[in-house]
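Each chain is listed here by its residues.
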Amino acid sequence: MATKLKPVDVAIVGVGLTGTIMAKELAESGLKVVGLERGHWRDTDPDFAMPYAHDELRFVGRHELMQDLSRETITFRNNAAETALPMRQLGSFRPGEGVGGAAVHWGGLTWRFLPWDFETRSRTLARYGKGQLAEDCTSQDWGVSYDELERHYDRFEYLYGISGKAGNLKGEIVPGGNPFEGPRSREYPTPPLKSAYAGALFKEAAEKMGYQPFPTPSAAISRAYTNEYGATINACVYCGYCQFFGCEMGAKASPQTAVLPNLMKQKNFELRTHANVARVNLDAAGTRAIGVTYVDSRGREFEQPAEMVLLCSYVLNNVRLMLLSGIGKPYDPAANTGVVGRNYAYQTPSSVTLFFEDRIFNQFMAAGGLGMAIDEFNGDNFDHSGLGFIGGGFFSAASSGARPIEVRPVPRGTPRWGAQWKQAVATYFNRSFPISIQGACQSYRGNYLDLDPTYRDAYGLPLLRMTFDRRANEHKMSLWLTDKAAQIAKAIGPSKMNVTPRTEKYTIVPYQSTHNTGGAIMGADPASSAVNRYLQSWAVPNVFVVGASAFPQNGGYNPTGTVWSATADSILEKLHRLCTRISGTGH
Amino acid sequence: MEKTSARRRFLKSVTAIGGAASFPVPTLAAEAHAQHGVRAPSQTYMYLTQPEVAFVEAAVARLIPADELGPGAKEAGVAYFIDRQLFGGWGTMAKMYRQGPWPEGTPQQGYQSPLTPQQVYRIGIGEVNAHCAKQYGNSFSALTAAQQDEVLRGLDGGKIELEAVRSQFFFNMLLANTLEGFFADPIYGGNRDKAGWKLVGFPGVAAVYTAHVEQHGVPYNAVPVSIQDIVESVAEVDEHGHPKHILLGRNDRGSSHGD
């Protein structure tokens, strides 16, 4: 029997990257806000304290900061003809769990999407005609433009203290930055990180080939920075325990370092951890949310009435909660109708690893976002005529952390074990580095999310089912991009290279990226999107679905900058207006 | 443990780094053991039976053999590491989804065995030993190195078929755990004397690298530091708890750092 709690103005499900900013802004404006987080409280001290913070097995091998699959996972299949089976251990992607979400263990690469990314379909049709898009491709425009989002990107970068170099200041191209980025209103708040050897070699070779390399924008920041909330993010010390770890220095911008110190002082905000939301409760007509039901760590069930519900959980759980609660019509791929679960997409990463006999790289001196990149082959920055695909990705020579359980490249053809392997790993652990390609992924009719008919979570509720594979567009793109990267690699002069385009069937097993997108996409048309430009559910207008679940397809970048800017900050004004009206208070 | 003598031992362990190539392995292991004295961990197994320990020790000794480059997985305590992993949360799938049904699925769908890692090892070892008894008239650990390699190659690739668990599945788990045990912090019982880290030149718990990251191409020859070194105060730390790494010259065997 659920205990009914005192009503609040806003119930936020998930207290991570987006949940923290929504909570802070709405609570400060006078609304009563409750944050419901199914994991536990985490902070720099003591959760990421030395020396235990530098334990690769615990944080990478055993997923200390990530979702506990014993309670809830997803099921997966490559296509609708197969039977989906549960993802029993983490592999391809690593969602977070606990306060701060995946933004605790993120790598900190903080990109803006290209103006083109927000108008993928219309610009592709305009430049190349209909033949360029696969028949089953459902990629579409976002319903919002880069120009409209610019001030939100700017705000994120200044709140999180991002380190980087502008390449386009108000339309003027600035040497040393990314010349392909959309115009930005000002320089990054902190200068780029130092330059590691891998990036320096990449920069030199890329420049010789006529490309315009620039430092990767990073949330592990170059010098101490205090943001508008009075929170200080410290300077990165390049320890290399960054992505998949919490930062012991408080030098990686995250909800913990940038927002929570202020949020936890807000009188109108209450955080409840170990609160696992089972569903959003709707009124009898099913068109208005009246609150949420959650279960705590003692098995007690609570009903939290709220005027407004914000789903700020990870992509996959946002979509699952919509489906479990009956918010919006589930997508039917056969009829191509319905909206919830539509346009699930991912990413198409590939790489070239360079091996040397006599150069030492010290790749363990690192930060998640440390590296040099080029953007010549991203989005529509190059002519796709005759290539048979759309999209691209940035290339980077990153020094993001080489720890030997996960990162110990050996040249292709080396045995997987035995004396020869041992010799190779001893030689190349410190004499190799990768050029990585963050390939985009388009959306397709057969790639979608729905509820699994068989498997259930620990509470007896259906798991989310993922049906996904990359298509010819992604495979052709990956081959083409990886070949371009191999040409740069060759110019650097390694003794050996592993060139690894992504052309095989998608598999849930090896780690690729925690960049899942879609399923509750934004758009201008209720027939082809689950939420409007303000991430407001078309079907239940006092439910907002925040995060990368709103991306209609994925770009060739890490998504976090766009998640925060396009899906969280940019809807706040609308929320303020609505909240005032709904609660009739103005507090 | 008395702090200064522990610190002296830590500094002395430096000799094991650059000098690895010049010592025969048993001498090296014995010497490292002597240097670390009471720090040699207990070898009491919690999950694996003695015959299973013999199997795992023999197998990991082939996967990462001891040779002129230094100790292998067996000397690094990887069997002990695996035992502790099996006994703990990982071995019982504490953070993994365990509900059925359990069809085998496609390779793209990953781990679909109803067996926990504990059970995979117990069943896998039993079946491989049965195969060895039939094929060679002896258990795996009693075979010659060449025969052991033949068996491992048969498992890796699925040429030797097992009944209750797919041979490739068992082999992949064994290999992955061996690599983990060789390279994980020694706190877990493997990577003894930081043998894995020394092999590849990984410094373990990181220092502040701000001053080094731009020294392009310059070897960073640090004495590796473990979590235990810091907890027991045998490695010096800065105000944030980062160790102050001791750097050796390119060909320095570190003898000058001894007492």
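Note that this is a predicted model, so its numbers are computed, not measured. (Residues numbered from 1 in each chain as written. Chains lettered and ligands numbered in written order. Predicted model: local features only at pLDDT ≥ 70, side-chain atom pairs only at ≥ 80, totals over all residues.)

### With respect to the overall build of chain A
Within chain A one finds 12 helices and 24 strands. Computed over its C-alpha atoms, the radius of gyration of chain A comes to 23 Å, within 12% of the 25 Å expected for a compact globule of 587 residues. The dimensions of chain A, computed from C-alpha atoms along their principal axes, are 70 × 55 × 55 Å. Counting every position in chain A, which comprises 587 residues, the buried fraction comes to 61%. In chain A, of all internal contacts separated by at least 6 residues, the share reaching a separation of at least 24 is 75%. (Helix = DSSP H or I, 4+ residues; strand = E, 2+ residues; numbered from the N terminus. Rg over C-alpha atoms; globule rule 2.2 N^0.38 Å. Buried ≥ 20, exposed ≤ 12 C-beta atoms within 10 Å, placed from the backbone. Contact = placed C-beta atoms within 7 Å.)

### Focus: the sheet that holds strand β4 (residues 74-77) of chain A
The 4 strands lie next to each other as β5-β4-β21-β20 (chain A), forming an open sheet whose pairing is mixed. Every other strand in the sheet has two partners, leaving β5 (85-86) and β20 (448-456) of chain A as the edge strands with one partner each. (Pairing = 2+ DSSP bridges.)

### A short note on the interface of chain A and chain B
How big an interface is tends to be stated in terms of accessible area lost as the parts join. Listed per partner, the contact involves 63 residues of chain A and 54 residues of chain B. Elements with a minimum of two residues in the side of chain A that touches chain B: α3 (56-61), β5, α6 (197-208), α9 (419-428) and β20 of chain A. Here the side of chain A that touches chain B gets 5 residues from one element, more than from any other, and that element is α9(A). Of the residues that constitute the side of chain A that touches chain B, the class distribution is 32 nonpolar, 17 polar and 14 charged. (Nonpolar A, V, L, I, M, F, W, Y, C, P; charged D, E, K, R; others polar.)

### Looking at the environment of A:D358
Mapped onto the elements, A:D358 comes out in the loop between β16 (348-355) and β17 (371-374). Placed 137 residues apart in sequence, A:D358 and A:S495 show a C-alpha to C-alpha distance of 9.5 Å.

### Thoughts on the nonpolar core
Ranked by internal contacts, the top residues of the largest apolar core, which has 196 residues, are A:V10, A:I12, A:V13, A:V309, A:L310 and A:V545. When sequence neighbours within four positions are dropped, the list of residues in contact with A:V10 reads A:L26, A:L31, A:V33, A:A306, A:E307, A:M308, A:L310 and A:C579. (Core = buried A, V, L, I, M, F, W, Y, C linked by C-beta atoms within 7 Å.)

### Quick look at the environment of A:N542
Residue and element names in this part refer to chain A. Here N542 is to be found in the loop between β23 (517-519) and β24 (543-545). For N542, a count of 22 C-beta atoms within 10 Å translates into the label buried. When the C-alpha atoms of N542 and A306 are compared, they prove to be 9.6 Å apart, with 236 residues separating the residues in sequence.

### Describing the confidence of the model for chain B
All names here are of chain B. Confidence in the prediction for chain B averages 87 pLDDT; 80% of positions are at 70 or higher. Contacts from residues 15-38, a stretch scored under 50 in pLDDT, to residues over four places away or in other chains number 41 contacts. Counting interchain partners and residues more than four positions distant, the pLDDT-below-50 stretch residues 252-259 has 17 contacts. Across the interfaces of the predicted complex, the ipTM metric reaches 0.96, alongside a pTM of 0.94. (pLDDT = per-residue confidence, 0-100.)

### Side note on the environment of A:C242
Residue and element names in this part refer to chain A. One can find C242 in the loop between β10 (232-233) and α7 (255-263). Here the alpha-carbon distance between C242 and K252, two residues 10 residues apart in the chain, equals 7.8 Å. Excluding residues that lie within four positions of it along the chain, C242 makes contacts with G107, G108, A220, C247, K252, A366, A367, G368, S400 and G401.

### Quick look at the packing of helix α1 (residues 17-28) of chain A against helix α11 (residues 560-568) of chain A
Residues and elements named next belong to chain A. For the pair α1 and α11, interaxial distance at closest approach is 10 Å and the crossing angle is 35°. The way α1 lies across α11 gives a crossing that is right-handed. Seen from α1, the contacting residues are L17, T18, I21 and M22; seen from α11, they are T560, V563, W564, T567 and A568. Along the lines of polarity and charge, the residues of the contact of α1 with α11 split into 6 nonpolar, 3 polar and no charged. (Axes fitted to C-alpha atoms, helices over the stretch in contact; angles between N-to-C directions. Left-handed = near helix turned anticlockwise from the far one by under 90°.)

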